[in-house]
Protein chains: 2
Amino acid sequence: MTTSGFSTAGVIAVGSELLTPHRIDTNSLFVTARLNDLGIDVRIKMVVGDDRAELTETFRHVLPLVDLVVLTGGLGPTDDDVTRDAVAVALDLTLEEDEAIVERIRARFARRGLEMPDINRRQAQVPRGAVVLDNPNGTAPGLWLEHADRVVLLLPGPPRELQPMFEGVARDRIEPRVGTHRLYRRVLKVTGRTESHVEEAAQPVYSKWLANRPAITTTILAAPGQIELHLVTGGDNAGEAEARLDKAVEELVAVLRPHVYSVDGRSLEQVVGDLLRARGLRVATAESCTGGVVASRLTDVPGSSDYVDAGAVTYSNRSKVDILGVPEALIQEHGAVSEPVAIAMARGIRTRTAADVTVGITGIAGPGGGSDAKPVGTVAVAIIGPDGAVASHTWRLPGDRQQVKFQASQATLDLIRRTLTK
Amino acid sequence: MTTSGFSTAGVIAVGSELLTPHRIDTNSLFVTARLNDLGIDVRIKMVVGDDRAELTETFRHVLPLVDLVVLTGGLGPTDDDVTRDAVAVALDLTLEEDEAIVERIRARFARRGLEMPDINRRQAQVPRGAVVLDNPNGTAPGLWLEHADRVVLLLPGPPRELQPMFEGVARDRIEPRVGTHRLYRRVLKVTGRTESHVEEAAQPVYSKWLANRPAITTTILAAPGQIELHLVTGGDNAGEAEARLDKAVEELVAVLRPHVYSVDGRSLEQVVGDLLRARGLRVATAESCTGGVVASRLTDVPGSSDYVDAGAVTYSNRSKVDILGVPEALIQEHGAVSEPVAIAMARGIRTRTAADVTVGITGIAGPGGGSDAKPVGTVAVAIIGPDGAVASHTWRLPGDRQQVKFQASQATLDLIRRTLTK
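Residues numbered from 1 in each chain as written. Chains lettered and ligands numbered in written order. Predicted model: local features only at pLDDT ≥ 70, side-chain atom pairs only at ≥ 80, totals over all residues. Heavy atoms only, no water.

**Considerations on the overall build of chain A**
Selection criterion: Numbering goes from the N terminus for both helices and strands, where a helix is a DSSP run of H or I of at least four residues and a strand is a run of E of at least two. As defined in this context, the radius of gyration uses C-alpha atoms, and a globule is described by 2.2 Å times the residue total to the power 0.38. Think of it in three bands: residues with accessible area under 20% of the maximum for their type are buried, residues over 50% are exposed, and the middle band is partly exposed, with areas taken using a 1.4 Å probe on protein chains only.
Of the regular secondary structure elements, chain A holds 13 helices and 17 strands. Taking 2.2 N^0.38 as the reference for a compact globule, 422 residues should give roughly 22 Å; the C-alpha atoms of chain A span a radius of gyration of 27 Å, well beyond that estimate. Based on the C-alpha atoms only, the size of chain A along its principal axes is roughly 85 × 60 × 40 Å. Looking at chain A as a whole, 54% of its 422 residues are labelled buried.

Rendered as structure tokens:
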């Protein structure tokens, strides 16, 4: 499978809990992202339980397929932790106790006033010839093992132990092997358009990049309320690759504008927050069907107290009247789910706060409450901008209750973004 | 690996997109849950790209390890869809075009006024001896293949095609093979206690069940703000197994009470909602650091408009004064993050709504804003119950900004639950 030098990897996650319906291996996503950056392709991923024989067999299967096998988990001190043993058996290596590791583990326990339990000696077992990778965040050291033209890497399972260890290994040991070829990527985030709309507009642009050498490949990923375009290109020269991507991003933005909200990884709530902060504006929200999701997303961003003033969740009609001063007659005339009521909600929160930008959101999240005229997924949103200008819009959003809530919050945040960038 | 009859399975997910950092195989969780119910253990999971040779090799590796191999994905009409081919090659079977499938696919296209593209004929290729599984939700049929004492099952990748097809196969073809032995499970959900606290209290109880025949195994799963205990027992008789679990749940609840909030799968927001509805009470929230998460979670439950009245997100001090009428002097005396202010917030929202139960939440979600006296993670929560009784509490919650927000919402919802069950 090897194409040139050190270019392919397989990941084996070890742990019976990862074979239940309740847990999933996410370490491999982190490892894959970092390996891809270095131009290494992940060809296979596996999950095996805490069974020495099965792991040995599986490891033997993967080893010839790839240049680098990464094993995560199974390095603890108990009988259930079989990764060290299985690799040693498969490669026919003896395990030897490393006194320096024993001392480090002993010291770790001592710092907490504890004596090292004898079983922790198992974590000091090292296959002959392996390099020991220090673990500042736990007792299990990692292991780096070169075997013929393959490399085997054993990492502890807990993400906070695995991630810094893998960063170090990627930098110090993997990067020097892969030469100068790297993958470079950009992510464009789009909202307010369906996947097919985005595809239709973007395809004529990105399809021609595939014929270029070096090519840029584009992947479209759809999620509720959001479409992402992932651009990837390979190259030996970072400056050239980045310039190529800059130009590609520019071309895509030109055909997708104004729906692109981020080209640098920021979330929509971060983009909105940065726009508010840059202009010294404060925001307040009046939410009905979204039940506080917009306020919650805005305040997910560290430092958002600089620009989030307040919010109201007026779920009942009475609270719309009592808290926001929405005229009862307006609700009777247009219904609670209507643009006039959304506007009145935005006005209500504006008079009750010091905010410069306010929004009102009212809709039917379902599953009940829909009608022919206003089916489930109908959401009316109003915004009052810093200059007092009022805008409103009604959407029909697909999906279940939580999807409608999320997409309504996405539409609202995007309306704030568009108002502030007009 | 087979212990008795038909008892072990392996799952292979096919698709290069599942080897990127952006996608994860979740079909296997669904398949695992259903297989576990039938007493079948998933021993290994794999993800392989759209590469015929690699898939053939990997399938050959898994086949001898288990009784049943489930392959998901790679059944589309393009050259990238290699699952049919790889399985046929590995088992040395010829592929034959099934005219009935061609007709079904043709009819499917015709219903949308379209002609079947010729490449879709690939989806009608069937390894000799395979049973064709109809796919009402897509063009790719599934395949059930018995080979010596093994079974190979090919399922389409899209969950809405895979799930109903697998339900049918599990019922009609797998269940008859597994005899009467089944797994039965219960989930206890606990909040307000750490994993070690739960373990310490529960371990003496559940450890003795392991020695019983039939045994009950207990797994403790920790998530932010919540601990789950999963109890599983096997048996030939549903009534006996359920009675055994009932008794076990009772014993665990006795030692963990009052921290157990659910023994029937309901979320904390559902439990709180059901308590409110049963007593005809309405709730309103006044949130600062949680930024609307409590209101949002309460309104995630369908029908929550029956008991959610309103909420305020008073992020700035000024909005606490303006919207909730918190006395400015109180904030100056105790600081915005304090139980007196939380109580004043709960009182404020109570006077402004028709709610019977109100809460006030104020804290420091971080990363900034902490001090020695009130570090990041300090959260004060107050509740005013239906009888007007006031209670308040301060927590120090670990983790990052979003974890603090979620755990504070969990603590608040649990405080409502405890108040309503006192």
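Now that the structure has been shown, we can carry on.
**Considering the environment of proline 386 of chain A**
Residues and elements named next belong to chain A. What counts, and what does not: We call two residues in contact whenever any of their non-hydrogen atoms come within 4.5 Å of each other.
Tracing the sequence through the fold places proline 386 in the loop between β16 (378-384) and β17 (390-396). In this structure proline 386 comes out as partly exposed when scored by relative accessible area, which is 30%. Sequence separation between proline 386 and arginine 279 is 107 residues, and the spatial gap between their C-alpha atoms is 9.9 Å. Not counting residues up to four positions away in its chain, the partners in contact with proline 386 are Arg279, Leu281, Arg350, Asp356, Val357 and Leu420.

**Thoughts on the interface of chain B and chain A**
In plain terms, the rule: The term buried area means the drop in 1.4 Å probe accessible area that two parts suffer when joined, counted for both and summed. The rule for a salt bridge is simple: a side-chain nitrogen of Lys or Arg has to be within 4 Å of a carboxyl oxygen of Asp or Glu. In protein, a polar contact requires one atom able to donate a hydrogen and another able to accept it; more generally it is a pair of N or O atoms within 3.5 Å, and residues adjacent in sequence count only if both atoms are side-chain atoms. All amino acids are sorted into three groups, where Ala, Val, Leu, Ile, Met, Phe, Trp, Tyr, Cys and Pro are nonpolar, Asp, Glu, Lys and Arg are charged, and the leftover types, Gly among them, are polar. Should DSSP find at least two bridges between two strands, the strands are taken to pair.
Contacts between chain B and chain A engage 66 residues on the former and 66 residues on the latter. Contact between chain B and chain A buries roughly 5100 Å² in total, counting both sides, with carbon and sulfur atoms accounting for 58%. Taken as a group, Pro21, Glu54 and Tyr315 of chain B account for 11% of the area that chain B buries against chain A, more than any other trio of residues on that side. A salt bridge links lysine 405 of chain A to aspartate 300 of chain B, with the nearest nitrogen and oxygen atoms 2.6 Å apart. Linking chain B with chain A are 34 residue pairs in polar contact (both at pLDDT 80 or more), by the criterion used here. Residue classes in the side of chain B that touches chain A are distributed as 27 nonpolar, 23 polar and 16 charged. Note that strand β14 (residues 308-314) of chain A and strand β14 (residues 308-314) of chain B share five bridges and pair antiparallel. Along β14 of chain B, the bridge assignment pairs glycine 311 of chain A with valine 313 of chain B.

**Some details on the nonpolar core**
Note the cut-off: Here the nonpolar core consists of buried residues drawn from Ala, Val, Leu, Ile, Met, Phe, Trp, Tyr and Cys, with membership extended through side-chain atoms lying within 4.5 Å.
Counting residues in each nonpolar core, the largest one holds 64 residues, and the members touching the most others are Ile12, Phe59 and Leu71 of chain A together with Ile12, Phe59 and Leu71 of chain B. Those residues in contact with isoleucine 12 of chain A that lie beyond four places of it in its chain are Met46, Val48, Leu55, Thr58, Phe59, Val62, Val69, Val70, Leu71 and Thr72 of chain A. Within the second largest apolar cluster, 29 residues are counted, among which are Val326, Ala336, Met345 and Ile349 of chain A.

**Overview of the pattern of salt bridges**
All names here are of chain B. One pass over the structure, following the stated rule, counts 64 salt bridges over all chains. Glutamate 242 is the partner of arginine 186 in a salt bridge, and the nearest nitrogen-oxygen pair spans 2.5 Å. Separated by 56 residues along the polypeptide, arginine 186 in strand β9 (residues 182-190) and glutamate 242 in helix α7 (residues 238-256) bring together distant segments of the chain. Since its relative accessible area comes to 17%, arginine 186 is described here as buried. On the basis of relative accessible area, glutamate 242 is assigned to the partly exposed category, the value being 30%.

**Comments concerning the packing of helix α1 (residues 27-37) of chain B against helix α5 (residues 159-174) of chain B**
Residues and elements named next belong to chain B. Operational definition: Every axis in this analysis is a line fitted to C-alpha atoms, fitted for helices over the stretch in contact. Angles between the N-to-C directions lie between 0 and 180 degrees. With respect to orientation, any angle under 35 degrees is reported as roughly parallel, any angle over 145 as roughly antiparallel, any angle of 65 to 115 as roughly perpendicular, and every other angle as oblique. Each crossing gets its hand from how the near helix is turned against the far one by less than a right angle, where anticlockwise is left-handed and clockwise is right-handed.
Running from N to C, α1 and α5 point in directions that differ by 20 degrees, and their axes come no closer than 11 Å. Classified by the interaxial angle, the pair formed by α1 and α5 is roughly parallel. Where α1 crosses over α5, the handedness of that crossing is right-handed. Together, Asn27, Phe30, Val31, Arg34 and Leu35 of α1 and Pro159, Leu162, Gln163, Phe166, Glu167, Ala170 and Ile174 of α5 make up the contact between the two elements. Each residue belonging to the contact of α1 with α5 can be placed in one class, and the counts come to eight nonpolar, two polar and two charged.

**Here we look at the relation of the copies chain B and chain A**
Copy one and copy two of the chain differ by a rotation about a common axis and a shift along it. What counts, and what does not: Alignment of copies: least-squares fit on C-alpha atoms of residues with pLDDT of at least 70 in both copies.
With an RMSD of 0.6 Å, the fit of chain B onto chain A corresponds to turning through 180 degrees and sliding 0.5 Å along the axis. Given the turn and translation reported, the copies of this chain are related as if by a two-fold rotation axis. In this assembly the copies share their binding face: 100% of the residues contributing to the interface of chain B also contribute to that of chain A.

**Here's the deal with unusual backbone geometry**
With omega at 0 degrees, the peptide bond leading from arginine 213 of chain B into proline 214 of chain B counts as cis. One can find proline 214 of chain B in the loop between α6 (195-211) and β10 (216-223). At alanine 148 of chain A, a residue that is not glycine, the phi angle is positive and equals roughly 50 degrees.

**Quick look at the sheet that holds strand β1 (residues 8-14) of chain B**
Across the sheet, 12 strands lie side by side as β6(A)-β7(A)-β8(A)-β3(A)-β1(A)-β2(A)-β2(B)-β1(B)-β3(B)-β8(B)-β7(B)-β6(B); this open sheet has mixed pairing. Across the chains shown, the open sheet's two edge strands, defined by having one partner strand only, are β6 (131-133) of chain A together with β6 (131-133) of chain B. Neighbour-to-neighbour, the strand axes of the sheet open up by a mean angle of 15 degrees, direction not taken into account. Direction of pairing for strand β7 (residues 142-147) of chain B relative to strand β8 (residues 150-155) of chain B: antiparallel, over a ladder of five bridges.

**A word on the sheet that holds β14 of chain B**
Here we have 10 strands laid out as an open sheet, ordered β17(A)-β16(A)-β15(A)-β13(A)-β14(A)-β14(B)-β13(B)-β15(B)-β16(B)-β17(B), and mixed in their pairing. If you trace the sheet from one side to the other, it starts and ends with β17 of chain A together with β17 (390-396) of chain B, each paired once. The sheet shows a mean angle of 10 degrees between the axes of neighbouring strands, direction not considered. With five bridges joining them, strand β13 (residues 283-287) of chain B and β14 of chain B adopt parallel strand pairing.

**So, the packing of aromatic side chains**
Residues and elements named next belong to chain A. Our working definition: Here is the rule: rings of Phe, Tyr and Trp (six-membered ring for Trp) pair when centre to centre is within 6.5 Å. Planes less than 30 degrees apart are stacked, more than 60 are edge-to-face, and the remainder are tilted. Any Lys NZ or Arg CZ that is within 6 Å of a ring centre and within 35 degrees of that ring's normal is treated as a charge sitting over the ring.
Per the stated rule, a full pass over the model turns up two aromatic pairs over all chains. Seen from their ring centres, phenylalanine 30 and phenylalanine 166 are 6.3 Å apart, and the 70 degrees between their planes marks the pair as edge-to-face. One end of the pair, phenylalanine 30, is in helix α1 (residues 27-37); the other, phenylalanine 166, is in helix α5 (residues 159-174), and 136 residues separate them in sequence. We note arginine 177 situated over the ring of phenylalanine 6; from NZ or CZ to the ring centre the distance is 5.4 Å.

**Here's the deal with the pairing of strand β16 (residues 378-384) of chain B**
If a strand is regular, its side chains alternate between the two faces of the sheet. All names here are of chain B. By the criterion of burial, β16 is predominantly enclosed, with seven of the seven residues buried. Alternating positions in β16 separate into two faces, Thr378, Ala380, Ala382 and Ile384 on one and Val379, Val381 and Ile383 on the other, with burial throughout. Of the strand pairs in this sheet, strand β15 (residues 357-363) and β16 are connected by six bridges, and their pairing is antiparallel. In the sheet register, glycine 360 faces β16, and the bridge partner there is alanine 382. The pairing of β16 with β17 spans seven bridges and is antiparallel. Paired with alanine 380 across the two strands is threonine 394, which belongs to β17. Counting the residues between successive antiparallel strands, the hairpin from β16 to β17 contains five residues, one of them, glycine 388, with a positive phi of roughly 85 degrees.

**Some details on helix α10 (residues 317-324) of chain B**
Residue and element names in this part refer to chain B. Convention followed: In this description, one arc is meant: the one made by directions from the helix axis to the C-beta atoms.
Within α10, the full set of buried residues consists of Ser319, Lys320, Ile323 and Leu324. Buried residues in α10, looked at end-on, bunch into an arc of 105 degrees, giving them a common side. Downstream of α10 by one or two residues, glycine 325 has phi in the positive range, about 70 degrees.

**Things to note about the pairing of strand β13 (residues 283-287) of chain A**
All names here are of chain A. In plain terms, the rule: The definition of a right-handed crossover adopted here requires that, viewed with the strands pointing away, the path from the first strand over the helix to the second runs clockwise.
The buried fraction of β13 is high, at five of five residues. Along β13, one buried face is formed by Val283, Thr285 and Glu287 and the opposite face, lined by Ala284 and Ala286, is buried too. With helix α9 (residues 293-298) bridging β13 and the parallel β14, this β-α-β connection has right-handed handedness. Here β13 pairs with strand β15 (residues 357-363) via five bridges, running parallel. The residue of β15 that forms the bridge with alanine 286 is glycine 360.

**Overview of the environment of threonine 58 of chain B**
You can see threonine 58 of chain B is positioned in helix α2 (residues 52-62). Here the alpha-carbon distance between threonine 58 of chain B and isoleucine 12 of chain B, two residues 46 residues apart in the chain, equals 8.6 Å. In contact with threonine 58 of chain B, other than residues within four places in its own chain, are Ile44, Met46 and His61 of chain A together with Ile12, Met46 and Val48 of chain B.

**Details of α1 of chain B**
Turn by turn, an α-helix covers 3.6 residues, leaving residues three or four places apart pointing in a common direction. Residue and element names in this part refer to chain B. Among the 11 residues in α1, eight count as buried, and that is most of the element. Asn27, Ser28, Leu29, Val31, Thr32, Arg34, Leu35 and Asn36 are the residues of α1 that are buried. Against the buried residues of α1 lie β1, β2 (41-48), β3 (68-72), α5 and β9. Positive backbone phi, approximately 80 degrees, marks glycine 39, located one or two places after α1.

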